[in-house]
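Per-entry structural report
Listed below, chain by chain, are the residues.
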Amino acid sequence: MYNIPKISIIVPVYNCEKYLEKCLESLINQTLKDIEIICINDGSTDNSLKIIKDYALKDNRIKILSKENEGLSAARNDGLKIASGEYIGFVDSDDWVADDFYEKLYNSATKYNSEIACANIIRTGKNNQSYKLRYDKEEFFTENKQKLIAANIPYKNYVWNKIYNRKSLIALNLEFIKGKAYEDIPWSIQVIYSLKGIVTVPNCNYYYRRTPNSIRSSKKEKNYLDCIEMEKIMIDFAKMHNLESILKNYKMAKRDRIKLLNINLLKTFYYYPNTLVYKLFGIIPIAKVKENL
């Protein structure tokens, strides 16, 4: 009889040979052994696929799907189609997790019969680490707005510091939007709103590596436009479900700037729902204006 793993961990991989081994080491050494690790090789052209295959020879919990490059969203969608665990987790291939990460999430989720469990996020740099999200105690929430607040939506729309009940997630039939950056922005608010319960788990750490090539470090115009588009879907969902209060004072991606000789003279920042903040050189606030954006 086929054993259903407690957690399926989906790892999209694209040209990440520099960081991939640390990521995989953190997964194969989890204190929760009953897991499957689904590596989606998204058309890598470096040594990433070889690294995955070498690890799969040593650990039969690693499954490999190799495909043409379609981007992060498509890779996650493909992973969801073949995952079989009670819960789903996501890990980016340049990140890693604490050894007891999934055991703590699973124990808390099953303790409360919660369909989502949520962990700390630690951002790592060359010489330092800092918490981007930190929970001091285990708490369980079932009311829709409180679930979103507990997950720090809309400010922390990350999918990978959580586990999700697989059957309930699949029943939503909600895919990541293909071909878009910041696809986690509309996905997270809809999933957390729809699934039953979220539990916060203290002393449970996801290590997020922000690299020069990461989406959130990129200044590409397409990524900027994608972010605006994804935020609009999130905002429209919040409006439809009477959740606008969680968006109050949310700093939106949209911005205007005046430059001279490639120097920012003035930047305009937009805050939901109707506030403009003007900053000299992009850093010194000089005016705040209320108007319909």
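Everything in this summary refers to the structure shown in the same document. (Residues numbered from 1 in each chain as written. Predicted model: local features only at pLDDT ≥ 70, side-chain atom pairs only at ≥ 80, totals over all residues. Heavy atoms only, no water.)

1. Concerning the environment of Val-201
The topology assignment puts Val-201 in strand β10 (residues 198-209). Classification of Val-201 by relative accessible area gives buried; the value is 3%. Here the alpha-carbon distance between Val-201 and Asp-236, two residues 35 residues apart in the chain, equals 30 Å. Among residues more than four places away in sequence, those in contact with Val-201 are Lys-104, Leu-105, Ser-108, Ala-117, Cys-118, Ala-119, Asn-120 and Tyr-135. (Helix = DSSP H or I, 4+ residues; strand = E, 2+ residues; numbered from the N terminus. Buried < 20%, exposed > 50% of the residue type's maximum accessible area, 1.4 Å probe, protein only. Contact = heavy atoms within 4.5 Å.)

2. Overview of the pattern of salt bridges
Tallied over the full model, the rule gives 16 salt bridges. Note that Lys-63 and Glu-36 form a salt bridge whose closest N and O atoms lie 3.2 Å from each other. With Lys-63 in strand β3 (residues 62-67) and Glu-36 in strand β2 (residues 35-42), this residue pair connects regions lying 27 residues apart in the sequence. With relative accessibility at 36%, the residue Lys-63 sits in the partly exposed group. The salt bridge partner of Lys-67 is Asp-42, with a shortest N-O separation of 3.2 Å. Here Lys-67, found in strand β3, pairs with Asp-42, found in strand β2; they are 25 residues apart in sequence, far enough to count as distant. Side by side, Lys-67 and Asp-42 carry an identical accessibility label, which is buried. (Salt bridge = Lys/Arg side-chain N within 4 Å of Asp/Glu carboxyl O.)

3. As for the environment of Gly-85
As for its placement among the helices and strands, Gly-85 is situated in the loop between α3 (72-82) and β4 (87-90). Counting along the chain gives 79 residues from Gly-85 to Lys-6, while the straight-line C-alpha distance between them is 5.2 Å. Contact partners of Gly-85, with chain neighbours within four places excluded, come to Ile-4, Pro-5, Lys-6, Ile-7, Ser-8, Glu-36 and Arg-166.

4. Describing the packing of aromatic side chains
Inspection of every chain in the model, using the stated rule, returns 16 aromatic pairs. Considering the side-chain rings of Trp-160 and Tyr-206, the 4.4 Å spacing of their centres and the 10 degrees angle between planes classify their relative orientation as stacked. With Trp-160 in the loop between α5 (144-150) and β9 (162-165) and Tyr-206 in strand β10, this pair connects stretches of sequence that are 46 residues apart. Tyr-206 carries the same exposure label as Trp-160, and that label is buried. Three or more aromatic residues joined by ring pairs form one cluster here, namely Phe-101, Tyr-102, Tyr-158, Trp-160, Tyr-206 and Tyr-208. The cationic tip of Lys-58 hangs over the ring face of Tyr-55; the distance from NZ or CZ to the ring centre is 4.2 Å. Cation over ring: Arg-134 sits above Tyr-131, and NZ or CZ is 4.2 Å from the ring centre. (Phe/Tyr/Trp six-rings, centres within 6.5 Å; stacked < 30°, edge-to-face > 60°. Lys NZ or Arg CZ within 6 Å of the ring centre and 35° of its normal.)

5. Quick word on a nonpolar patch on the surface
A cluster of nonpolar side chains, Ile-258, Leu-260, Leu-261, Ile-263, Leu-265, Leu-280, Phe-281, Ile-283, Ile-284 and Ile-286, forms an exposed patch at the surface whose accessible area comes to about 980 Å². Those elements that place two or more of their residues in the nonpolar patch are β11 (251-260), β12 (263-271) and β14 (284-290). One can find Ile-284 in strand β14. By relative accessible area, which is 40% here, Ile-284 ends up partly exposed. (Patch = residues over 30% accessible without salt bridge, like charges linked within 9 Å, V, L, I, M, F, W, Y side chains within 5 Å. Areas by Shrake-Rupley, 256 points an atom, 1.4 Å probe, with all protein chains shown as cover.)

6. Digging into the side chain of Asp-226
Assignment of secondary structure puts Asp-226 in helix α8 (residues 221-240). When neighbours within four sequence positions are excluded, Asp-226 is seen to be in contact with Gly-179, Lys-180 and Ala-181.

7. Some details on unusual backbone geometry
The linkage connecting Ile-153 with the following residue, Pro-154, adopts the cis geometry, with an omega of 15 degrees. By secondary structure assignment, the location of Pro-154 is in the loop between α5 and β9. The step from Tyr-272 to Pro-273 runs through a cis peptide bond, and the omega angle for that step is 5 degrees. Within the secondary structure layout, Pro-273 lies in the loop between β12 and β13 (275-280). Of note, the phi angle at Asn-113 is positive, near 55 degrees, even though the residue is not glycine. Tracing the chain through its elements places Asn-113 in the loop between α4 (101-112) and β6 (116-124). Positive phi is not limited to glycine here, since Asn-242 has a value of about 55 degrees. Given the relative accessible area of 70%, Asn-242 is considered exposed.

8. Things to note about the sheet that holds β13
If you trace the four strands from one edge of the open sheet to the other, you get β11-β12-β13-β14, paired in antiparallel fashion. Two strands lie at the open edges of the sheet, namely β11 and β14, each paired on one side alone. Here the strands of the sheet are splayed against their neighbours by 20 degrees on average, with no regard to which way each runs. Two strands pair when backbone bridges link them, and β13 and β14 are joined in this way by six bridges, in the antiparallel orientation. (Pairing = 2+ DSSP bridges. Axes fitted to C-alpha atoms, helices over the stretch in contact; angles between N-to-C directions.)

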